[in-house]
Amino acid sequence: MLLADVARTSGEVAATAARSAKVAALARLFARTPPDEAPVVITYLAGRLPQRRTGVGWSTLRERPPPAAEARLEVAEVHAALDRIAAVAGKGATTERKRLLAALMSAATEEEQGFLLRLIGGEPRQGALDALAVEGLAAAAGAQPEEVRRAVMLGGSLGAVARALLAGGPPALAAFRLELGRPVQPMLAHSAKDVDEALDRLGPCAVEEKLDGIRVQVHRDGETVRIYTRTLDEITDRLPDVVAAARELAADRAVLDGEVIALDEDGRPRPFQEVSSRVGSTLDVAGARAALPLHPVFFDLLAVDDRELLGRPTRERHAELARIAPARRRVRRLVAEDPTDPDTRRAVREFAREVLELGHEGVMAKALDAPYSAGRRGAAWLKVKPVLTLDLVVLAAEWGHGRRTGRLSNLHLGARLPDGGFAMLGKTFKGLTDATLAWQTEALQRIAVSDDGWVVRVRPELVVEIAFDGLQRSSRYPAGVTLRFARVVRYREDKSAAEADTVETVLALRAGAMPTPDDTTTPPSATTPDAATTPDVTTTPPNTTTPDVRAAPGDPPEENPAP
């Protein structure tokens, strides 16, 4: 397949707002895509590279040779060329990368050069979300979208499903099922402002401790245990404590969902950062284990023995989990069979209060009749925390001044849009410690795509958890709202940008938020989207040319003081 076909389709998808038109454009392309090239084509459409990093900086990308007159460059050639560029290392690597990149660009037409520059440079995503690709694949192959979606959830890779579907047609989807040793995408939760709202929305439900640890998926097949993160990376060798715990289960074959936490001498949870550091340790695993033992706590069971439980209701999965896992390996939970009963509601409130007193993050409420929707942020799971938080993507950062001179400080934050882009909702520099400032300055420069001396724009990869006090209407931002008194809680290195919260989530919170003042009635210092008033979705630099980031006009060219 020609790269020009992919570039042209990417442009069509980005240029139209109609979902049906996006899906139709993708379907036309997939119908002509060779099955073996489908994983690369889909990755390119999503604005990503299979190689992840090529070592090519923005300064190198500025040097564009004259374009080719005719489109002859094939997707397979581009993939191979980028493999060679990514493999370059050692002395003279920069010069060799420039040479290889120049050869690739020389073979590309002007349209293809523009597409490659955005792709290699890490420009924000181009509007071809995986959800749209699923529908496009289904249309191209004559399959049901829900069947394709389920195959992706169970297979873990849209590219693998696309290859099989385009080669074998709809019957090929039957090969994608829950298998031991192949992780599935985790089920995710929406937010509720308090337990009463959660009970009202869910009806009969289980209310569980929400642990502030590292999400893990554990697969046991006899004595063989494999452990995966929420991003489906295998980390078995780092967690011998979890392996040992899995071997204690009263089932030889099982797939479990849970969290890994650490406890202090009083049995209270240790900080998330300590757990994250321990899980990330790969050098002296035995020493790290002795210094900080980890405790796996499970809250769901996806399969047991030879039975898949994904489609079974929560109450049934929990009963099976209780059968195979001892109480100390399960989250504490309270079942609310009748949420309308005043005594039940009082018991749930008391349970939530006790959970917080124990030092945990909050509670999770889960509908008792709901299946496990792998890879979906379903309405059947609601998280309740004492402070509203959202997981947002860093789109850019401003160089600080004064005490923060030389550090990237004011963060531009983004929430996901349905088409795969990110909408600006504000900025924040609140909550940043000196250590975090130093860390983020290095981390953001590693993924920078431009620096005009004021704002450093970055690839939308880092996810940061933002706390805020309420919503405020604002005509400055495309979603019509911004967040008040936002502050950084922590970076979520365990999450990808695709797992960040959406603009839809932000707007859904509005109904449950406190009365929201109009931005025209707030004090002058609050009318400008600054760190203290706009926590959640952010502003990219003015005059940005990237179509995927919805920007607010006229952002001030400096880090704003707190009101």
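Remember, predicted model here, so these are calculated numbers, not experimental data. Along each chain, the written sequence defines residue order, and numbers are assigned to residues from 1. Local features in a predicted model are, by the rule used here, given only for residues with pLDDT of at least 70; side-chain atom pairs are given and counted only at 80 or more, and totals for whole chains, interfaces and linings are based on all residues. Calculated side-chain values reflect all of the structure's heavy atoms, with hydrogen atoms and water omitted.

*Asks:* Tell me about the overall build of the protein chain, residues and numbers included.
*Replies:* Numbering of helices and strands runs from the N terminus; a helix is a DSSP stretch of H or I covering at least four residues, while a strand is a stretch of E covering at least two. Summing up its helical and strand segments, the protein chain has 18 helices and 20 strands in all. Expressed as a percentage of the 563 residues in the protein chain, the buried residues total 54%. Contacts are residue-level and defined by heavy atoms, with any inter-residue pair within 4.5 Å sufficient. In the protein chain, the share of contacts with a sequence separation of at least 24, taken over all contacts with a separation of at least 6, comes to 74%. Values of accessible area rely on a 1.4 Å probe in the Shrake-Rupley scheme; residue burial ignores everything except the protein chains shown. As presented, the protein chain carries roughly 23400 Å² of accessible surface, and 51% of it is formed by carbon and sulfur atoms. The classification of residues rests on relative accessible area computed with a 1.4 Å probe and restricted to protein chains. Under 20% of the type maximum is buried, over 50% is exposed, and intermediate values are partly exposed.

*Asks:* An account of the pattern of salt bridges is requested, with residue identities and associated values reported.
*Replies:* What makes a salt bridge here is a side-chain nitrogen of Lys or Arg within 4 Å of a carboxyl oxygen of Asp or Glu, nothing more. All told, the structure shown has 50 salt bridges when counted by the stated rule. One salt bridge in this structure joins Lys210 and Glu361, with 2.8 Å as the shortest N-O distance. You can see Lys210 sitting in strand E2 (residues 205–210) and its partner Glu361 sitting in the loop between helix H16 (342–357) and strand E9 (362–367), a full 151 residues away along the chain. Residue Lys210 is classed as buried on the basis of its relative accessible area of 15%. Under the relative-accessibility criterion, Glu361 is labelled buried at 14%. Taken together, the salt bridges that share partners define one network made up of Lys210, Asp212, Glu361, Lys385, Glu465, Arg490, Arg492 and Asp494.

*Asks:* Can you lay out the nonpolar core for me, pointing to particular residues and giving the numbers?
*Replies:* Think of a nonpolar core as a cluster: buried Ala, Val, Leu, Ile, Met, Phe, Trp, Tyr and Cys residues, connected wherever their side-chain atoms sit within 4.5 Å. The biggest cluster of nonpolar side chains holds 52 residues, and the ones touching the most others in it are Tyr44 and Val148. Looking at this core element by element, the count peaks at six residues for helix H3 (residues 38–45). Core analysis: the next-biggest nonpolar cluster, separate from the first, contains 38 residues, Leu310, Ala370, Leu382 and Val384 among them.

*Asks:* An account of the environment of Gly142 is needed here, citing residue identities and associated values.
*Replies:* With respect to the helices and strands, Gly142 occurs in the loop between helix H8 (130–141) and helix H9 (145–155). For Gly142, a relative accessible area of 62% puts it in the exposed group. Sequence separation between Gly142 and Leu165 is 23 residues; the distance between their C-alpha atoms is 9.6 Å.

*Asks:* Explain the packing of aromatic side chains to me, using residue names and the numbers behind them.
*Replies:* Pairs were defined over the aromatic rings of Phe, Tyr and Trp, the Trp ring being its six-membered one, requiring ring centres within 6.5 Å. Orientation was assigned from the angle between planes: stacked under 30 degrees, edge-to-face over 60, tilted for the rest. Per the stated rule, a full pass over the model turns up three aromatic pairs. Judged by centre distance (5.8 Å) and plane angle (85°), the ring pair of Tyr372 and Trp381 falls under edge-to-face. Relative to Tyr491, the ring of Trp439 has its centre 4.8 Å away and its plane inclined at 55°; by these criteria the two rings are tilted. Linking Trp439 in helix H17 (residues 434–446) with Tyr491 in strand E19 (residues 487–491), this pair joins segments that are 52 residues apart in sequence. Relative accessible area serves as the criterion here: at 30%, Trp439 is assigned to the partly exposed category. Linked through ring pairs, Phe299, Tyr372 and Trp381 together constitute an aromatic cluster. Only lysine NZ and arginine CZ atoms are considered, and such an atom sits over a ring when it is within 6 Å of the ring centre and within 35 degrees of the ring normal. Between Lys366 and the ring centre of Trp381, over which it is positioned, the NZ or CZ distance is 4.0 Å. We note Arg490 situated over the ring of Phe272; from NZ or CZ to the ring centre the distance is 3.9 Å.

*Asks:* Tell me about the packing of helix H5 (residues 75–87) against helix H6 (residues 93–106), residues and numbers included.
*Replies:* Interhelical geometry of H5 versus H6 gives an angle of 170° and a closest axis separation of 9 Å. Between H5 and H6, the angle is such that the two are roughly antiparallel. The residues of H6 that touch H5, namely those facing Val78, Ala81, Leu82, Arg84 and Ile85, are Arg97, Leu100, Leu101 and Leu104. In the contact of H5 with H6, the residues fall into seven nonpolar, no polar and two charged. Fitting a line to C-alpha atoms yields each axis, with helices limited to the stretch in contact; the angle taken between N-to-C directions then spans 0 to 180 degrees. For this classification, under 35 degrees means roughly parallel, over 145 means roughly antiparallel, 65 to 115 means roughly perpendicular, and everything else is oblique. Polar here means any residue other than Ala, Val, Leu, Ile, Met, Phe, Trp, Tyr, Cys and Pro, which are nonpolar, and Asp, Glu, Lys and Arg, which are charged; Gly is therefore polar.

*Asks:* Just give me the short version of the environment of Phe299, but keep the residues and values in it.
*Replies:* Considering the arrangement of structural elements, one finds Phe299 in strand E6 (residues 295–304). Relative accessible area serves as the criterion here: at 9%, Phe299 is assigned to the buried category. Separated by 91 residues in sequence, Phe299 and Glu208 have C-alpha atoms that sit 8.4 Å apart. In this view, Phe299 contacts Glu208, Arg215, Asp257, Gly258, Glu259, His318, Leu321, Val331, Lys366 and Trp381; residues no more than four positions away in its chain are not counted.

*Asks:* Describe H3, listing the residues and the values that go with them.
*Replies:* Counting buried positions over the eight residues of H3 gives eight, a clear majority of the element. Among all positions of H3, only Ala38, Pro39, Val40, Val41, Ile42, Thr43, Tyr44 and Leu45 are buried. Residues of H3 that are buried make contact with helix H1 (3–15), helix H2 (19–31), H5, helix H7 (110–121), H8 and helix H10 (158–168). Within two residues after H3, Gly47 carries a phi angle of roughly 80°, on the positive side.

*Asks:* Residue-level account of the sheet that holds strand E1 (residues 188–191), with values.
*Replies:* The criterion for strand pairing is that DSSP finds at least two bridges linking the strands in question. Taken in spatial order, the five strands of this open sheet run E1-E10-E9-E2-E8, and their pairing is mixed. Edge strands, defined here as strands with exactly one partner in the open sheet, are E1 and strand E8 (333–336). Averaged over all pairs of adjacent strands, the angle between their axes in this sheet comes to 35°, without regard to strand direction. Taken together, the four bridges between E2 and E8 define a ladder with antiparallel strand orientation. Opposite Ala206, over in E8, you have Val335 as the bridge partner. Its contacts with the sheet put helix H11 (residues 195–202) on E1, E2, E8, E9 and strand E10 (377–384), and the angle it makes with E10 is roughly 155°.

*Asks:* I'd like a rundown of the side chain of Thr236, residues and numbers included.
*Replies:* Inspection of the secondary structure assignment puts Thr236 in the loop between strand E4 (224–229) and helix H12 (240–246). Thr236 gets classed as buried once you look at its relative accessible area, which sits at 13%. Polar side-chain contacts of Thr236 include one of 2.8 Å to the backbone nitrogen of Ile227. When near neighbours in sequence (up to four residues on either side) are disregarded, Thr236 contacts Val225, Arg226, Ile227 and Val243. Polar contact criterion, stated in full: a pair of N or O atoms within 3.5 Å, where within protein one must be able to donate a hydrogen and the other to accept it, and residues adjacent in sequence count only if both atoms are side-chain atoms.

*Asks:* Let's hear about helix H15 (residues 314–324): which residues, and what values?
*Replies:* For H15, the full list of buried residues reads Thr314, Arg317, His318, Glu320, Leu321 and Ile324. Each buried residue of H15 sits inside an arc of 160° when the element is viewed along its axis, so together they form one side. Residues of H15 that are buried in the fold lie against E2, strand E5 (253–261), E6, strand E7 (307–308), E8 and E9. Directions are taken from the helix axis to each C-beta atom, and the arc is the one they span.

*Asks:* So, the confidence of the model for the protein chain: which residues are in play, and what are the values?
*Replies:* pLDDT: the predictor's confidence for each residue, scored from 0 to 100. Averaged over every residue, the pLDDT of the protein chain is 85; residues scoring 70 or more account for 88%. Note that pLDDT drops below 50 for residues 511–563; the model gives that stretch 172 contacts with residues more than four away or on any other chain.

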